[in-house]
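Residues per chain, in single letters:
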Amino acid sequence: MTDKIHSAKGRVHSIQSMGTLDGPGVRFVLFMQGCPLRCACCHNPDTWDFGGGTAYTAEELVKKATRYRSYFGAEGGVTVSGGEPLMQADFVREFFELCHAEGIHTCLDTSGCVLNDGVRDLLRVTDRVLLDIKYTTDEAYRANVGCGMDTPLAFLACTREMGIPVTLRHVVIPTLNDTPESVAALGNIARAHRNVDKVELLPFRKICTTKYDAMGIPFPLAHVPEPTRDSMRTIEGWLTDAWRSL
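The shown structure was predicted, so the numbers you read here are calculated from the model rather than taken from an experiment.

1. Examining the overall build of the chain
Of regular secondary structure, the chain possesses nine helices and eight strands. Compactness check: the chain gives a C-alpha radius of gyration of 18 Å against a globular reference of 18 Å for 246 residues, within 12% of the reference. Structurally, the chain occupies a C-alpha span of about 50 × 45 × 35 Å along its principal axes. Of all 246 residues assigned to the chain, the portion counted as buried reaches 50%. Sequence-distant contacts in the chain: of pairs separated by 6 or more residues, those separated by 24 or more amount to 70%. Just so you have it, the chain exposes about 11,500 Å², and 52% of that area is on carbon and sulfur atoms. Charged side chains of the chain number 26 positive and 30 negative; the gap between the two group centres comes to 3 Å.

2. Overview of the packing of aromatic side chains
Across all of its chains, the model carries six aromatic pairs by this definition. An angle of 80 degrees between the planes, with centres 6.1 Å apart, marks the rings of tyrosine 135 and tyrosine 141 as edge-to-face. Pair check on accessibility: tyrosine 135 and tyrosine 141 agree, each one buried. Through a chain of ring-to-ring contacts, three or more aromatic side chains come together here, namely Trp48, Phe204, Tyr212 and Phe219.

3. Points about the nonpolar core
Ranked by internal contacts, the top residues of the largest apolar core, which has 69 residues, are Phe95, Phe96 and Leu168. Excluding residues that lie within four positions of it along the chain, leucine 168 makes contacts with Leu131, Ile133, Leu156, Leu186, Ile189, Ala190, Val196, Lys198, Val199 and Glu200.

4. Quick word on the packing of helix H7 (residues 180-191) against helix H9 (residues 229-244)
Axis separation between H7 and H9 bottoms out at 8 Å; the angle between their running directions is 40 degrees. When the axis of H7 is compared with that of H9, the two are oblique. Taken as a pair, H7 and H9 cross one another with a handedness that is right-handed. Mapping the contact onto sequence places Pro180, Val183, Ala184, Leu186, Gly187, Asn188, Ala190 and Arg191 in H7 and Ile235, Trp238, Leu239, Ala242 and Trp243 in H9.

5. So, the environment of serine 81
Within the element layout of this structure, serine 81 appears in strand S4 (residues 77-81). You can call serine 81 buried: its relative accessible area is 7%. Among residues more than four places away in sequence, those in contact with serine 81 are Leu30, Phe31, Met32 and Asp109.

6. Focus on unusual backbone geometry
Put simply, glycine 82 and glycine 83 share a cis peptide bond, and its omega is 5 degrees. Within the secondary structure, glycine 83 sits in the loop between S4 and helix H3 (89-101).

Conventions we followed
Residues numbered from 1 in each chain as written. Predicted model: local features only at pLDDT ≥ 70, side-chain atom pairs only at ≥ 80, totals over all residues. Heavy atoms only, no water. Helix = DSSP H or I, 4+ residues; strand = E, 2+ residues; numbered from the N terminus. Rg over C-alpha atoms; globule rule 2.2 N^0.38 Å. Buried < 20%, exposed > 50% of the residue type's maximum accessible area, 1.4 Å probe, protein only. Contact = heavy atoms within 4.5 Å. Areas by Shrake-Rupley, 256 points an atom, 1.4 Å probe, with all protein chains shown as cover. Lys, Arg positive; Asp, Glu negative; His and termini not counted. Charge placed at Lys NZ, Arg CZ, Asp CG, Glu CD. Phe/Tyr/Trp six-rings, centres within 6.5 Å; stacked < 30°, edge-to-face > 60°. Core = buried A, V, L, I, M, F, W, Y, C linked by side-chain atoms within 4.5 Å. Axes fitted to C-alpha atoms, helices over the stretch in contact; angles between N-to-C directions. Parallel < 35°, antiparallel > 145°, perpendicular 65-115°, else oblique. Left-handed = near helix turned anticlockwise from the far one by under 90°.

This is the structure we're talking about:
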């Protein structure tokens, strides 16, 4: 690879050196700066601004990641999250290419809100995708995310065509997507894509309100209750029935 390919810098919001919640195993996690969406449940409004964060080259970040290689084990590696990493697809591709040269597993955590040639090039060096499917109707997407549902589904179809393993992630939000019908639709989406091998249901939490307060903006879902453990167990049962039933 030429120096020119790796001369650009990416904007990074923060780095987690040994994450355990962002893909398989222990992972070096980059949270990229900038996001075009305005999800009602967003926990990181401080990542929205495309001009924020710290600029790094891909080489600088790979050097940081390799320091933790001994902790990755057989399953770990690097994960790039956001913000929305697809907004810096060329840079993330460069980072993943360098990671592969070092034998490091790559994982992309995304909303799937962009699908173009640059994103497809990125997917070619992505070993696993964590894809947020936030709602199961286009109406709910447009009301609570700021985009339609068609692009995330097209992104998911692209991963299927490329044979990339996918973990679907779904934040369970009481009154918005916690009905049997919504969960069944999520299960049907998973079942229709043979490359989806895991679905994670994440309970909606409001610990992010302090960030919104500090930024002087209202948290759109401040009035919504958090799901209980019992309700999450019930919803997990609905998902199993919908996804795994023949």
